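The chain contents come next:
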Amino acid sequence: VLEFCKAGILVLADLDDTPGKDVYKAVCSARAVVIMLSAGSLESPVQLQIIMDVMSVADEVEVIPMITSSFRFPTKQFLEEEFGRGLSGDSDVDEMRIRLTGLFKRIA
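Fair warning: this is a prediction, and the values are worked out from it, not measured in the lab.

Participant: Can you break down the overall build of the protein chain residue by residue, with the values?
Facilitator: A count of helices and strands for the protein chain gives four helices and two strands. Along the protein chain, helices and strands appear, N-terminal first, in the series α-β-α-β-α-α. Every one of the 108 residues in the protein chain was classed for burial, and the buried ones make up 28%. The contacts of the protein chain with a sequence gap of at least 6 include a subset with a gap of at least 24, amounting to 75%. With an accessible surface of roughly 7,500 Å², the protein chain has 53% of that area assigned to carbon and sulfur atoms.

Here you go:
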């Protein structure tokens, strides 16, 4: 992979202390972004924010969703009633649902 991608690879999971705006800049300047979904991915505010950032520029950046064997797609009830609990008050949960649905459509 590294020989194919001379510009390098950035693993966002290694950037715990990186401000959100810097992560967003990295996403916007990427050729492609691989989103790996595993158990608990939709319960992590950090992962959700990155998914939202990626899907906001999905027309300009190649989005490659991957699911692990531990990932379970959310039920309609979860998305309507439980999704977004624990997120900051300024989060637009409806917009997050739309972007998450867009990601799932890429998998389907």
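Having put the structure on the table, let's press on.
Participant: Which residues make up helix α2 (residues 45-56), and what values go with them?
Facilitator: Spacing of three or four residues puts side chains on the same side of an α-helix, whose turn is 3.6 residues. The end-to-end C-alpha separation of α2 is 16 Å, in line with the 16 Å expected for twelve residues at 1.5 Å each. Taken together, the buried positions of α2 are L48, I51, M52, D53, V54 and M55.

Participant: Run through the pattern of salt bridges, naming residues and quoting values.
Facilitator: What the rule picks out here adds up to two salt bridges. Measuring nitrogen to oxygen at the nearest pair gives 2.8 Å for the salt bridge that ties R97 to D94. Remark: D94 and R97 occur in helix α4 (residues 93-107); sequence separation between them is three residues, near one turn of the helix. The salt bridge involving R99 is made with E95; its shortest N-O contact spans 3.0 Å.

Participant: Kindly report on the pairing of strand β2 (residues 62-67), identifying the contributing residues and their values.
Facilitator: Consecutive residues of a regular strand have side chains that alternate between opposite faces of the sheet. In the sheet, strand β1 (residues 32-37) pairs with β2 via six bridges, with the strands oriented parallel. Directly across from V34, in β2, lies its bridge partner I64. Running through α2, the crossover from β1 to the neighbouring parallel element β2 is right-handed.

Participant: With reference to specific residues and values, describe α4.
Facilitator: The end-to-end C-alpha distance of α4, which contains 15 residues, comes to 21 Å, matching closely the 21 Å that a straight helix rising 1.5 Å per residue would cover. By the burial criterion, the buried members of α4 are M96, L100, L103 and F104. Buried residues along α4 cover an arc of 100° about the axis, so they all sit on one side. Away from the buried face of α4 by more than 90 degrees, exposed residues D94, I98 and K105 are located.

Participant: Would you mind going over the environment of G102 in detail, with residue names and values included?
Facilitator: Along the polypeptide, G102 turns up in helix α4. A sequence separation of 47 residues divides G102 from M55, and the C-alpha atoms of the two residues are 7.5 Å apart.

Participant: Can you explain the nonpolar core? Please cite residues and give values.
Facilitator: Within the largest apolar cluster, 22 residues are counted, with the highest numbers of intra-cluster contacts made by I35, L37, I51, V63, L100 and L103. Sorting the residues of this core by element identifies α1 (20-29), β1, α2 and α4 as the ones contributing at least two each. Considering each element in turn, this core owes the most residues, five residues, to α2. Ignoring any residue separated from it by four or fewer positions in sequence, one finds L37 in contact with I51, M66, I67, T68, F71, L103, F104 and I107.

Parameters at a glance
- Residues numbered from 1 in each chain as written.
- Predicted model: local features only at pLDDT ≥ 70, side-chain atom pairs only at ≥ 80, totals over all residues.
- Heavy atoms only, no water.
- Helix = DSSP H or I, 4+ residues; strand = E, 2+ residues; numbered from the N terminus.
- Buried < 20%, exposed > 50% of the residue type's maximum accessible area, 1.4 Å probe, protein only.
- Contact = heavy atoms within 4.5 Å.
- Areas by Shrake-Rupley, 256 points an atom, 1.4 Å probe, with all protein chains shown as cover.
- Expected span 1.5 Å × (residues − 1).
- Salt bridge = Lys/Arg side-chain N within 4 Å of Asp/Glu carboxyl O.
- Pairing = 2+ DSSP bridges.
- Right-handed = clockwise from strand over helix to strand, strands pointing away.
- Arc of directions from axis to C-beta.
- Core = buried A, V, L, I, M, F, W, Y, C linked by side-chain atoms within 4.5 Å.

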